[in-house]
Amino acid sequence: MASVIGTSVSMSSLSSSFKPSLVLTSRTNLKSISFSINGKRFPVLRSLPGRLQVSCAAKPETVNKVCEIVKKQLALPDNSTVTGESKFAALGADSLDTVEIVMGLEEHFGISVEEDSAQSIATVQDAADLIEDLVAKKT
Amino acid sequence: MNIHCLQRAFSSASSSLVPLQLPSPMDTHFWYVLPEEVKSASLVNEYLGLLSPCERDNVLSMRGDQLKKSALLARVLVRTTIARYTNFQVDPKSLKFTKNRYGKPGVDWQTEDGWLPPSLHFNISHTSSLIACGVTVDSPIGIDVEEKSRRLNNHILAFARRYFSSCELEHLTVISDPEIQRQEFMKLWTLKEAYVKALGRGFSAAPFKTFTIRFKAPTRGNCLSTDKATEASEIIVESFGDPKNLTSNWQFALVELAGSHYAAICIERAKTIEGGNFSVPMKLTVRRTIPFVEDESVSENSVVAIGGQLCINDHIH
């Protein structure tokens with residue numbers, strides 16, 4: 001299990017039978033690192049100016065589901081590239097589309113999204129992270 | 001930069017923007033552009049030249065030509081529209097914009113000695129097929145446009161149950177004709193959007209569920225101009241938890257544009273009106289434009305009042 005102490009990462013009590021894979025998100029400045037072991041997500045380091053913040057990045061399945069719902073709402077062709085990085089606005093989603101997408105996500109994941117949270121969603125990744133946050137709070 | 005340089009800069013464009021007088025208080029000027037009417041590649045290049053580097057990057061990041069075009073036209077419409085009201089003092093390219101702490105855009109006037117910038121408020125809205133900009137003086141404004149024919153992916157009542165107030169849900173539920181129900185939904189949506197955008201405090205300041213927009217039977221309004229007045233229903237907003245006198249500060253108009261779009265406009269009433277019952281209709285002037293190419297005052301058939309007390313002006317002075 002990865003843990004964060006100050007600015008260094010110590011991998012304590014990690015079983016030798018696991019082989020962690022380092023997944024780097026493609027951003028211009030390296031802002032987050034996630035560890036994925038056997039498909040389970042682990043805490044993520046996000047380097048915000050001045051401090052380290054630990055939060056959890058969404059599972060690929062969640063991101064994929066969001067992509068699917070977004071593509072359907074915006075009537076994008078199946079082969080169009082939609083990833084975690086994709087911005088709703090750049091895909092052509094207006095405020096009504098965004099609200100419809102959030103509604104679709106609420107129904108699929110069994111969650112309830114506050115209006116101000118919904119408005120702060122800019123990318124597919126934002127939506128996926130929010131979903132998992134809400135799902136985790138539910139359980 | 002002296003005024004003669006600016007005038008030369010203006011006339012180097014294919015045709016200059018005619019300077020206009022500011023709207024008077026309670027006047028709303030509403031400009032719109034139809035992307036399908038912008039066809040020339042050289043015009044599109046000229047438009048791109050008006051944008052800031054940041055705006056240009058944003059336009060180019062849009063997925064597909066149609067989205068790029070409407071993003072471009074939105075910026076062009078805002079810049080050229082505002083420039084019209086500065087009496088040649090500011091050219092569209094040099095305008096700078098800022099956002100309030102809730103993200104509502106405003107002009108960041110670069111003032112030179114002795115020049116007082118106009119007290120303009122503006123708000124933009126766009127669909128892929130129509131881009132609009134509303135302008136007022138001394139009154140916050142919010143607008144929203146939607147295609148009349150737009151369909152929801154979700155069921156209308158399920159959507160209204162989730163996002164609209166219970167009064168609005170009830171209003172929609174009793175409509176048996178699905179097409180009329182859909183149209184009433186779109187009217188409510190645009191009005192609610194326009195209201196929140198006029199408030200300018202972000203969506204969390206007025207979540208859609210916490211206020212009701214409804215149509216009230218017309219009260220005897222007093223139209224101050226000889227132009228066509230409407231006896232349409234008054235549109236009012238009621239907010240839970242807010243004292244009634246705050247929400248009665250806002251005035252709405254709903255029009256149908258070019259037979260294809262709903263446009264909702266929300267402005268703050270002038271504060272000088274005394275007594276609660278007297279209401280001054282909104283004076284609305286609608287212009288279709290292709291910036292630098294043509295401006296057209298729209299015919300009676302192109303702008304049809306649906307709701308709100310308003311007078312539709314024939315011309316801008």
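Within any chain, residue numbers begin from 1 and follow the written order of that chain's sequence. Ligands are numbered from 1 and chains lettered from A, in the order in which they are written. Totals for whole chains, interfaces and linings use every residue, but because this is a predicted model, local features are given only for residues with pLDDT of at least 70 and side-chain atom pairs only at 80 or more, for both listing and counting. Note: side-chain values were computed over all heavy atoms of the structure, leaving out hydrogens and water.

1. Remarks on the sheet that holds strand 9 (residues 250-257) of chain B
All names here are of chain B. The four strands are arranged 6-10-9-13 in an open sheet whose pairing can be described as antiparallel. Bordering the open sheet on either side are strand 6 (141-147) and strand 13 (303-307), each of which pairs with just one other strand. Between one strand axis and the next, the sheet turns by 25 degrees as a mean value, whatever way the strands run. Pairing geometry for strand 9 and strand 10 (residues 261-268), over eight bridges, is antiparallel. The residue of strand 10 that forms the bridge with Trp250 is Glu268. What makes two residues a contact is simply this: any of their non-hydrogen atoms within 4.5 Å. Under this scheme, a helix contributes an axis fitted over its contacting stretch, all axes are lines through C-alpha atoms, and angles between N-to-C directions fall in the 0 to 180 degree range. Numbered from the N terminus, helices here are DSSP runs of H or I no shorter than four residues, and strands are runs of E no shorter than two. Where helix 7 (residues 178-199) meets the sheet, its contacts fall on strand 6, strand 9, strand 10 and strand 13, and the angle it forms with strand 6 comes to roughly 155 degrees. Two strands qualify as a pair provided DSSP detects at least 2 bridges between them.

2. Things to note about the UniProt feature "domain: 4'-phosphopantetheinyl transferase N-terminal" (unreviewed entry) in chain B
Here the UniProt-annotated "domain: 4'-phosphopantetheinyl transferase N-terminal" (unreviewed entry) positions come out as residues 48-131 of chain B. Strand forms 17% of residues 48-131 of chain B and helix 35%; the C-alpha atoms that close the span are 16 Å apart. UniProt positions are given in the numbering used here, feature names are shortened, and annotations may be inferred rather than shown by experiment.

3. Focus on the UniProt feature "domain: Carrier" (unreviewed entry) in chain A
Those places that UniProt annotates as "domain: Carrier" (unreviewed entry) correspond, in this numbering, to residues 60-135 of chain A. With 66% helix and 0% strand, residues 60-135 of chain A has its two end C-alpha atoms placed 15 Å apart.

4. Things to note about the environment of Glu114(A)
Residues and elements named next belong to chain A. Note on placement: Glu114 falls in the loop between helix 3 (95-109) and helix 4 (115-119). Think of it in three bands: with a 1.4 Å probe and only protein chains considered, a residue is buried below 20% of the maximum accessible area for its type, exposed above 50%, and partly exposed in between. Of the residues examined, Glu114 reaches a relative accessible area of 53% and is grouped as exposed. Considered as a pair, Glu114 and Val102 are twelve residues apart in the sequence and their alpha carbons are 9.9 Å apart.

5. Structural notes on the interface of chain B and chain A
At the junction of the two partners, chain B supplies 22 residues and chain A supplies 23 residues. Buried area, as used here, totals the accessible surface that two parts lose on assembly, with accessibility defined by a 1.4 Å probe and the loss added over both. Together chain B and chain A conceal approximately 1,900 Å² of surface at their shared face, both sides included; 51% is due to carbon and sulfur atoms. Throughout this description, the term salt bridge denotes a Lys or Arg side-chain nitrogen within 4 Å of a carboxyl oxygen of Asp or Glu. Here chain B and chain A share three salt bridges between them. Its salt-bridge partner being Asp97(A), residue Arg150(B) comes within 3.0 Å of it at the nearest N-O pair. Polar contact criterion, stated in full: a pair of N or O atoms within 3.5 Å, where within protein one must be able to donate a hydrogen and the other to accept it, and residues adjacent in sequence count only if both atoms are side-chain atoms. Across the chain B-chain A interface, the total number found is eleven residue pairs in polar contact (both at pLDDT 80 or more). Contributions of two or more residues to the side of chain B that touches chain A are made by helix 5 (156-163) and helix 7 of chain B. Here the side of chain B that touches chain A is composed, by residue class, of eleven nonpolar, four polar and seven charged. Each residue gets one label: Ala, Val, Leu, Ile, Met, Phe, Trp, Tyr, Cys and Pro are nonpolar, Asp, Glu, Lys and Arg are charged, and the others, such as Gly, are polar.

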